[in-house]
Amino acid sequence: MIYNAYRAKDDYNLVEEYFELNLNEAIVPFSTKIIPIALPLITLVRKGRIDKVGETAIKHNTLSLSGQYSQAYNFEVNTASKIVGIALHPTALYKLTGQNMHSLTNKHIALKTISKQLATSLLPLFQHNLNKKPALEAFQIALKELPITTTKHTKNIDYAIKYIRKKEGLLTVTDLLNIIPVSQKTLEIKFKEIIGMTPGKYIKLYRFLKLMRKYASKPIKFKDLIFMYDYYDESHFYKEFKLFMKESPKEYFKRDNSFLKEYLKE
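Everything quoted here is computed from the prediction, not taken from an experiment.

Participant: Can you explain the packing of helix 2 (residues 116–127) against helix 3 (residues 132–144)? Please cite residues and give values.
Facilitator: Closest axis-to-axis distance for the helix 2/helix 3 pair is 11 Å, and the angle between their directions is 160°. Here helix 3 runs roughly antiparallel to helix 2, going by the angle between their axes. Of the two elements, helix 2 crosses helix 3, and the hand of that crossing is right-handed. Counting all contacts with helix 2, which are made through Leu118, Leu122, Leu125 and Phe126, the residues of helix 3 involved are Ala138, Phe139, Ala142 and Leu143. Taken together, the residues that form the contact of helix 2 with helix 3 break down as 8 nonpolar, no polar and no charged.

Okay, here's the thing in structure tokens:
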């Protein structure tokens, strides 16, 4: 198995990450849970197929869109496969399609059902034999040339996302209201429309993601991380772990999570 990800230096590029996953005959059948990374994904199976992503099978040469995910989902591949994809900035898909992102939360669908223009523009790039950093840069250039809709609300949500990242999820919705000139009701409505979930849920997910990434990247004791990320106690963390992972920490850590360690590395 080979997994590589190439992240953009500027968080506010439309494309934040390009990734490649190669699964050879020696490792299939392959099965894992995917932890949501608080970003929408567009993927293409260049070779083989994905037998299960969530509850959906994805065939060769079809662009697939994954909306924001609020929980871990299953990923299964039974034949040697090569999968490539891009992770978009949280507001990018809304700016590119005008679609209500809440309707895509926890869903994997064909990209063309949401935007034929976007699917048509991106498919040749996915099919072209670019990889690594040149692929990331090519996608960034291509998306910047497409019509992009920005409003005062997208600007507010962009600022909110930037602030959440700066604080590593260690903040509250009230903290956002102190820096964004809208009511709580408007923030809730626009966050769900543009991002796909409420600001409170997104903050919790981002904090959990940062903790899991820190654990995958550095030799830090888990108890220290729970304290570092401001969980009240272990029971509070375990409750949120089950919320996002749909299993207990004990069940998660007894498995081989070598792929997820690579997937989560900062």
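Still to come is the rest of the account.
Participant: Let's hear about the side chain of Ser64: which residues, and what values?
Facilitator: Here Ser64 lies in strand 7 (residues 64–66). With residues near it in sequence (within four places) discarded, Ser64 still touches Leu41, Ile42, Thr43, Ile58, Ile109 and Leu111.

Participant: Please set out the sheet that holds strand 9 (residues 81–88) residue by residue, giving values where relevant.
Facilitator: On the basis of which strands lie adjacent, the open sheet formed by 6 strands has the order 1-2-9-4-7-10 and antiparallel pairing. Edge strands, defined here as strands with exactly one partner in the open sheet, are strand 1 (2–7) and strand 10 (108–110). Each neighbouring strand pair of the sheet contributes to a mean axis angle of 20°, computed without reference to strand direction. Note: strand 4 (residues 41–47) against strand 9, 6 bridges, orientation antiparallel. Bridged to Val45 within strand 9 is Ile83.

Participant: Go over the sheet that holds strand 8 (residues 73–77), please, and point to the residues and values.
Facilitator: With respect to topology, 4 strands assemble into an open sheet ordered 3-8-5-6, the strand pairing being antiparallel. Whereas interior strands pair on both sides, the edge strands pair on one side only; in this sheet they are strand 3 (30–34) and strand 6 (56–58). Neighbour-to-neighbour, the strand axes of the sheet open up by a mean angle of 20°, direction not taken into account. Pairing of strand 5 (residues 50–53) with strand 8 involves 2 bridges; the strand directions are antiparallel. Bridge pairing in strand 8 links Val53 to Phe75.

Conventions and cut-offs
- Residues numbered from 1 in each chain as written.
- Predicted model: local features only at pLDDT ≥ 70, side-chain atom pairs only at ≥ 80, totals over all residues.
- Heavy atoms only, no water.
- Axes fitted to C-alpha atoms, helices over the stretch in contact; angles between N-to-C directions.
- Helix = DSSP H or I, 4+ residues; strand = E, 2+ residues; numbered from the N terminus.
- Parallel < 35°, antiparallel > 145°, perpendicular 65-115°, else oblique.
- Left-handed = near helix turned anticlockwise from the far one by under 90°.
- Contact = heavy atoms within 4.5 Å.
- Nonpolar A, V, L, I, M, F, W, Y, C, P; charged D, E, K, R; others polar.
- Pairing = 2+ DSSP bridges.

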